[in-house]
Amino acid sequence: MQKISRGAGSRGGYVFSGSESFNDTDNTGPQISIRPIYDDSRWNANAGFTDKISAFLPVECAITVYDKNGVDVSGIGPDEGLTVELKGVVERQNINDKFTFDEGNNTQGHVNVVYEHDALKPGIYTLTVRAQDLLGKVSMQDFTLEVLSEEDFTLGHVFNYPNPVPVG
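Residues numbered from 1 in each chain as written. Predicted model: local features only at pLDDT ≥ 70, side-chain atom pairs only at ≥ 80, totals over all residues. Heavy atoms only, no water.

With seven of its 10 residues buried, strand 12 (residues 123-132) lies for the most part within the structure. In this sheet, strand 12 lies alongside strand 8 (residues 83-86) in antiparallel orientation, the contact comprising four bridges. Across the sheet, Thr83 pairs through a bridge with Arg130, a residue of strand 12. Inspection of the sheet shows strand 12 paired to strand 13 (residues 138-148) by 10 bridges, in the antiparallel sense. (Buried < 20%, exposed > 50% of the residue type's maximum accessible area, 1.4 Å probe, protein only. Helix = DSSP H or I, 4+ residues; strand = E, 2+ residues; numbered from the N terminus. Pairing = 2+ DSSP bridges.)

Written as structure tokens, this is what we have:
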């Protein structure tokens, strides 16, 4: 598919002035991943996790968004750029102003969202993240957010390390 891009200049493959034709073979919106952020930094990982996060309150999650055509974080409306919604609890809200691009990169960045003690009760929630690229392609992804209470916490499959434990 051929597209014509109009703008007010051109630099590094982006059109700012005039128009330019290019082949648009991208049919998908940005890739979205999420991971929990813990107070103890040794528990944090840089990779995205599965589609479920279990944590105690307050819950902090890092949402990472990537698209080879650039991530659109412009606009302030609930359907523009990057939004989050906690179904049944928090309506969809625009979080463009909280998004930070990785240094020297307009194709990937992250935003942290935090849900405090007074916002949620222990239970299972659906967190929906919606992202848009600079070509207008949109993607939405649902994540399961399980908020645990102190009573829910159990230890299972605990092993000594090293095993066997050295004696003496």
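Moving on from the model shown.
The next subject is the nonpolar core. Membership of the largest hydrophobic core comes to 26 residues, with the highest contact counts inside it found for Ile63, Leu82, Val84, Tyr115, Leu120 and Leu145. Going through the elements one at a time, strand 5 (31-37), strand 6 (52-56), strand 7 (59-66), strand 8, strand 11 (108-115), strand 12 and strand 13 are the ones with two or more residues in this core. Excluding residues within four positions of it along the chain, Ile63 makes contact with Ile32, Ser33, Ile34, Val84, Gly109, His110, Val111, Val113 and Val129. (Core = buried A, V, L, I, M, F, W, Y, C linked by side-chain atoms within 4.5 Å. Contact = heavy atoms within 4.5 Å.)

As a further point, take the pattern of salt bridges. Within this structure, the stated rule accounts for four salt bridges. Across the salt bridge formed by Glu146 and Lys52, the nearest N and O atoms sit 3.4 Å from each other. Residue Glu146 is found in strand 13, and its partner Lys52 is found in strand 6; the two are separated by 94 residues along the sequence. (Salt bridge = Lys/Arg side-chain N within 4 Å of Asp/Glu carboxyl O.)

As a further point, take the packing of aromatic side chains. Taken as a whole and assessed by the stated rule, the structure comprises one aromatic pair. Each ring, one from Phe99 and one from Phe101, has its centre 5.0 Å from the other, and the planes form 85°; the classification is edge-to-face. Look at Phe99 and you get buried, because its relative accessible area is 9%. (Phe/Tyr/Trp six-rings, centres within 6.5 Å; stacked < 30°, edge-to-face > 60°.)

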